[in-house]
Amino acid sequence: WIEMMDNKTYVDLVNAGEYPSEVQVPIDAPFVDERGEITNIWLGNSGSVTVITSKKGTDRANHWHSGDFHSSHIISGKIKYTESEIDGSNKQEFIFGPGESFFSPPMKAHRMDFLEDTVFVTVNGIAKNHANYENSVVRTDVLKCWMGNI
């Protein structure tokens, strides 16, 4: 299904509040000429764009969003992305590397484990900064949730 959808169609669905069930965000073919190439990773509205670096063996997220979302695009490194329903059901794991993007919709518990030193970009639905970031997430111990201990 995702092979048939382009990036703009995917992003338009997100911006309409119709979150695609496919986690991997389609990346259209880049524009290439003698100067190099341009790759669009999010063709639509966003609240903020953030560059994040993470060290191998660390984790991030361990939360869910009540109303916000983000799309993550890997520049370098490798991420194991795990998501589930808030109660821990329907757990899915994915491995993403350079040039790939994935989507974290509202109301899905998720965690990122960094298998290598990683640089990635997130496109957020709302404008996030250090002052308001924690207001946009609900912290949870997703590992306990997935083991049935919550």
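This section reports on the structure supplied with the text. (Residues numbered from 1 in each chain as written. Predicted model: local features only at pLDDT ≥ 70, side-chain atom pairs only at ≥ 80, totals over all residues. Heavy atoms only, no water.)

**Re the sheet that holds strand 6 (residues 70-76)**
And step 1. Reading across the sheet, the five strands line up as 1-9-6-11-4 and stay open at both edges, with antiparallel pairing between neighbours. The open sheet terminates on both sides in strands that have one partner only, identified here as strand 1 (24-25) and strand 4 (48-54).
And step 2. Examined bridge by bridge, strand 6 and strand 11 (residues 118-124) share six bridges and lie antiparallel to one another. Counted as the bridge partner of His70 is Asn124 from strand 11. (Pairing = 2+ DSSP bridges. Helix = DSSP H or I, 4+ residues; strand = E, 2+ residues; numbered from the N terminus.)

**Examining the packing of aromatic side chains**
And step 1. Under the criterion given, the structure shown has 11 aromatic pairs.
And step 2. An angle of 85° between the planes, with centres 5.9 Å apart, marks the rings of Tyr10 and Phe103 as edge-to-face. Of the two residues, Tyr10 is situated in helix 1 (residues 7-15) and Phe103 in strand 9 (residues 101-104); the sequence distance between them amounts to 93 residues. The same class applies to Tyr10 and to Phe103, which are both buried.
And step 3. A centroid spacing of 5.9 Å and a plane angle of 25° characterise the contact between Phe94 and Phe96, whose relative ring orientation is stacked.
And step 4. For Phe94, a relative accessible area of 21% puts it in the partly exposed group.
And step 5. Relative accessible area serves as the criterion here: at 4%, Phe96 is assigned to the buried category.
And step 6. Through a chain of ring-to-ring contacts, the aromatic side chains of Tyr10, Tyr19, Trp42, Phe69 and Phe103 assemble into a single cluster. (Phe/Tyr/Trp six-rings, centres within 6.5 Å; stacked < 30°, edge-to-face > 60°. Buried < 20%, exposed > 50% of the residue type's maximum accessible area, 1.4 Å probe, protein only.)

**What about the environment of Val51?**
And step 1. Topologically, Val51 is positioned in strand 4.
And step 2. On the basis of relative accessible area, Val51 is assigned to the exposed category, the value being 61%.
And step 3. Once the C-alpha coordinates of Val51 and Thr122 are considered, the two residues, 71 residues apart in sequence, prove to be 6.5 Å apart.
And step 4. Among residues more than four places away in sequence, those in contact with Val51 are Val119, Phe120 and Val121. (Contact = heavy atoms within 4.5 Å.)

**Remarks on the side chain of Thr118**
And step 1. Mapped onto the elements, Thr118 comes out in strand 11.
And step 2. Among the polar contacts made by the side chain of Thr118, one reaches the main-chain carbonyl oxygen of Glu116 at a distance of 2.7 Å. (Polar contact = N/O pair within 3.5 Å; in protein donor to acceptor, adjacent residues only side chain to side chain.)

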